[in-house]
2 protein chains.
Amino acid sequence: MSKTKKFLLPEAEIPTQWYNILADMPNKPKPILNPGTKQPLKPEDLYPIFAEELSRQELNMSDQWIDIPEEVRDKYMIYRPTPLVRAYNLEKALDTPAHIYFKNESVSPVGSHKLNSALAQAYYCKKQGITNITTETGAGQWGTALSFAAKIFGLELAVYMVKISYEQKPYRRSLMQAWGAQVIASPSMSTKAGRKIITEHPNYQGSLGTAISEAIELALQTSNCRYTLGSVLNHVSLHQTVIGLEAEKQMEMAGEYPDVIIGCFGGGSNFSGISFPFMRHTINEGRKTRYIAAEPASCPKLTRGVFQYDFGDEAGYTPLLPMFTLGHNFAPAHIHAGGLRYHGAGTIVSQLMLDKYMEAVDIPQIESFEAGILFAQTEGIMPAPESAHAIASAIREAKQAKEEGVKKTILFNLSGHGFVDMAAYDQFIAGDLTNYELSQESIDKTTGLLEKII
Amino acid sequence: MSKTKKFLLPEAEIPTQWYNILADMPNKPKPILNPGTKQPLKPEDLYPIFAEELSRQELNMSDQWIDIPEEVRDKYMIYRPTPLVRAYNLEKALDTPAHIYFKNESVSPVGSHKLNSALAQAYYCKKQGITNITTETGAGQWGTALSFAAKIFGLELAVYMVKISYEQKPYRRSLMQAWGAQVIASPSMSTKAGRKIITEHPNYQGSLGTAISEAIELALQTSNCRYTLGSVLNHVSLHQTVIGLEAEKQMEMAGEYPDVIIGCFGGGSNFSGISFPFMRHTINEGRKTRYIAAEPASCPKLTRGVFQYDFGDEAGYTPLLPMFTLGHNFAPAHIHAGGLRYHGAGTIVSQLMLDKYMEAVDIPQIESFEAGILFAQTEGIMPAPESAHAIASAIREAKQAKEEGVKKTILFNLSGHGFVDMAAYDQFIAGDLTNYELSQESIDKTTGLLEKII
């Protein structure tokens, strides 16, 4: 008992400001474009889709710190600060000289880090007098988080849930309904975008890209309604920086500083959250730290995609975003890490990749589940299949440290737990899961369709 | 942000000793009897079934405090101390002058308080050189906890899971399997007790009583194997006192002392855990505090059962226990709070009921789910259907405080979360749940079968 396992902060240490890495980046991301005029967007252009304050945050390149409203901090108190944990048992199982820490965002009542931005987005919508919001959800983590956030701030919410998840994850749907949200399987007949896809591909199992199209369409056609998104966008990454800001203080309590920081990667929300606050020391003070985005091998936009302007959704309703992408028509394999099945990376992360501030690895599905089970059997927590990608990457780093005989401090973000994803573990234990080989040809096919703007 | 929501203790404040209320009780429970000879049992008589140290703890009437082994405390560090939380949002929704606190045991990595005893039991078995253990599980909370505890201490585990839960809660089964346990639906063909019931009642959906019979039988017939139990027994209540011991310090941090303390009630493990440490001040110093066990109305042993010697299991393999019981042949309705579907109360709690140190209420199923949803929508945490009974009782107390216009401090134990129980909430939201009326006739029928020893 002499060693500390969990590093805890008091509630007074919940950050009072989010960190806006845009202000510090030596090369800003290229502008977001109006797809018709190809002109850079101003915040006002986003007002019909997003709450005004969120639109301003999205394009704020100058303020390094943005105040967290008291009402949001008050709700953060429900679960924040989250613990930083030293994974002694995992280290022992790996027989590694590396020290492994994880930030445990799975203690959020909705089971993942997604609540950090959901509360902020619901708050700003409410404050503006908006009564209805829409969103999409893949794995269900974002939809669950927003359902609770909408309920607690008194908003009506409609969630388009990717059809395959709707069917594979009935408990996720139940959670959203228990928190009062309306949940619709996507593609649905309730939107033009949905009807078009259903007509052309009657058995289509849905994708995040399609669900986003439907949610935006509904928002635009409903009075006093806005759309919200759980990843990819700059303001989402901004809100998630509470993760890294807390972790920074907690690593100090542990008397260490991470050599490598890892987050799983879908659109970038949890990776940004754990990384950006540390990265400000790399950008501003030249501190040497490695930042690793852990992608699924079946959806590898950072490791195998192209950097190009692309739509954020399948139907092409969003502005054009400069990003690493597999093409908005890319149909990712039906891996169980549904939250990582997205064709593109956020614009900030994409620019940081270009500027070599960070790196990416791709993890085969089976390696991710092996890592998840080892983590559960040593540290006790059943990780979300998404988070298992970060664990797998951390395990690779820890094994390398052992091979090289060097001490290394590894920090990864445990973005969520897997209690609602046990069907996936069932299949893994039964030996029914496979890796998905992704041919260069199929990547070329969807990226080849992109209009060349860069 | 001036008010504190979560009261946290550092790891150094994890209790170093469990509190043994048996030492303080003015009237000790009547002795446990050998069913053949009707003679009181000595610890040695229990050695074939339980680890020796657990057998001694079971009958220890003299030591007020029992040291927690360092190896167990070391594993407690994974999740303990758990937070004490002020339920401000629930208070607001109820518009009550009452202050409501809950001890959040749902943050345990297995999702409930059950890990507090699972770790202790697995440790003592391992220390004695035992290689295999067996147990039963109803809702799956205990089986899940023991699966992780067995894995981390290196024991092989077989779990008999009540058949209806096995089928209704596939994710619970998956969790146990992910942690390496063998899970068998009960009744099964693997034991004499199981075969007998299947032969007589081919469609029997199982009960905790039957699953206990099977687990004991397998333990007795397997070399170097012992049985473990997640509730009812004295040593389980002992281990669970870490809950109340921490809560006592945390209430002090909050500057309040509870007027009423509430736990849901199946066999008594979490109720004992939250109550006993506070009750020592009632017993020893006359401190006025109310202690409420919240039962399901469909399985009301404390409110409507008889005080009588009875078996702990359906087949009659256990010693005779002096307890409030509905009769070991009582077949509780298939309510979703599977962890509360047990015919009897532990001997300590039964004696405390007789001596009027505590009280009990019974909660209809629908009231429990209404309470669960209100809690989820205000405090964010989806409670286990079992824990929702404690919430319902706390809400009754808070409403009463409002009616009477008095300030009251309420503390309840949130024994677990409901992420793996969403099918139940689905049915509730769909309006498909009912209350179960339990006739006096059916209680008389099973209690009338009991051999009259008291």
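Residues numbered from 1 in each chain as written. Chains lettered and ligands numbered in written order. Predicted model: local features only at pLDDT ≥ 70, side-chain atom pairs only at ≥ 80, totals over all residues. Heavy atoms only, no water.

(A) Expanded view of the sheet that holds strand E6 (residues 132-137) of chain A. All names here are of chain A. Reading across from one edge, E8-E7-E6-E9 is the order of the 4 strands in this open sheet, with parallel pairing throughout. Of all the strands in the sheet, the pair left with one neighbour each is strand E8 (182-186) and strand E9 (225-227). Taken pair by pair, the neighbouring strands of this sheet meet at an average axis angle of 20 degrees, ignoring direction. Relative to strand E7 (residues 156-162), E6 runs parallel, the two being bridged by 6 bridges. Paired with Thr-137 across the strands is Met-161, a residue of E7. Contacting E6, E7 and E8, helix H8 (residues 170-178) crosses the sheet at an angle of about 175 degrees to E7. The sheet contacts of helix H10 (residues 208-221) involve E6, E7, E8 and E9, and relative to E6 the element is tilted by about 170 degrees. (Pairing = 2+ DSSP bridges. Helix = DSSP H or I, 4+ residues; strand = E, 2+ residues; numbered from the N terminus. Axes fitted to C-alpha atoms, helices over the stretch in contact; angles between N-to-C directions. Contact = heavy atoms within 4.5 Å.)

(B) Structural context of helix H15 (residues 365-379) of chain B. All names here are of chain B. Under the 1.5 Å per step criterion, the end-to-end length of H15 is 21 Å for 15 residues, consistent within 8% with the ideal 21 Å. If you check which residues of H15 are buried, you get Gln-365, Ser-368, Phe-369, Ala-371, Gly-372, Ile-373, Phe-375, Ala-376, Gln-377, Thr-378 and Glu-379. Once H15 ends, the next one or two residues include Gly-380, with phi positive near 90 degrees. (Expected span 1.5 Å × (residues − 1). Buried < 20%, exposed > 50% of the residue type's maximum accessible area, 1.4 Å probe, protein only.)

(C) View of the relation of the copies chain B and chain A. Overlay of chain B on chain A (RMSD 0.0 Å): rotation 180 degrees, translation along the axis 0.0 Å. The relationship between the two copies is best expressed as a two-fold rotation axis. When you check the interface residues of chain B against chain A, 100% turn up at the interface there too, and the contact is symmetric in its surfaces. (Least-squares fit on C-alpha atoms with pLDDT ≥ 70 in both.)

(D) Spotlight on the confidence of the model for chain A. Overall, the predicted model of chain A reaches an average pLDDT of 95, with 99% of residues at or above 70. Scored as a complex, the prediction yields pTM 0.95 and ipTM 0.93. (pLDDT = per-residue confidence, 0-100.)

(E) Layout of the state of the cysteines. One pass over the full model with this rule turns up 0 disulfides over all chains. With no disulfide of its own, Cys-225 of chain A lies 8.7 Å from the sulfur of Cys-125 of chain A, the closest cysteine sulfur. In this structure Cys-264 of chain B is a free cysteine whose sulfur lies 12 Å from that of Cys-299 of chain B, the closest cysteine sulfur available. (Disulfide = S-S within 2.5 Å.)

(F) Broad picture of the packing of helix H6 (residues 141-153) of chain A against H15 of chain B. Where H6 of chain A meets H15 of chain B, the closest approach of the two axes is 8 Å, and the angle between their N-to-C directions is 85 degrees. If you check the angle between H6 of chain A and H15 of chain B, you find them roughly perpendicular. Listed contacts from H15 of chain B to Phe-148, Lys-151 and Ile-152 of chain A of H6 of chain A are Ala-376, Gln-377, Thr-378 and Glu-379 of chain B. Taken together, the residues of the contact of H6 of chain A with H15 of chain B break down into 3 nonpolar, 2 polar and 2 charged. (Parallel < 35°, antiparallel > 145°, perpendicular 65-115°, else oblique. Nonpolar A, V, L, I, M, F, W, Y, C, P; charged D, E, K, R; others polar.)

(G) Highlighting the pairing of strand E15 (residues 409-414) of chain B. All names here are of chain B. The element E15 is extensively covered by neighbouring structure, given that 6 of its 6 residues are classed as buried. Relative to E15, strand E5 (residues 99-104) is paired through 6 bridges, and the arrangement is parallel. Residue pairing in the sheet places Lys-103 in a bridge with Asn-413 of E15. With 3 bridges connecting them, strand E10 (residues 260-264) and E15 associate as parallel partners. Directly across from Ile-261, in E15, lies its bridge partner Leu-411.

(H) A look at the interface of chain B and chain A. Each partner contributes to the interface: chain B provides 51 residues, whereas chain A provides 51 residues. For the pair chain B and chain A, the summed buried surface comes to about 4300 Å²; carbon and sulfur atoms form 62% of the total. For the pair chain B and chain A, the interface holds 2 salt bridges. For Lys-6 of chain A, the salt bridge identified is with Glu-11 of chain B, shortest N-O distance 3.0 Å. Where chain B meets chain A, there are 14 residue pairs in polar contact (both at pLDDT 80 or more). For the side of chain B that touches chain A, the secondary structure elements donating two or more residues are helix H3 (70-76), helix H6 (141-153), helix H8 (170-178), H15 and helix H17 (422-429) of chain B. Considering every element that reaches the side of chain B that touches chain A, the biggest residue donor is H8 of chain B, with 7 residues. Here the side of chain B that touches chain A is composed, by residue class, of 26 nonpolar, 11 polar and 14 charged. (Buried area = accessible area lost by both parts, 1.4 Å probe. Salt bridge = Lys/Arg side-chain N within 4 Å of Asp/Glu carboxyl O. Polar contact = N/O pair within 3.5 Å; in protein donor to acceptor, adjacent residues only side chain to side chain.)

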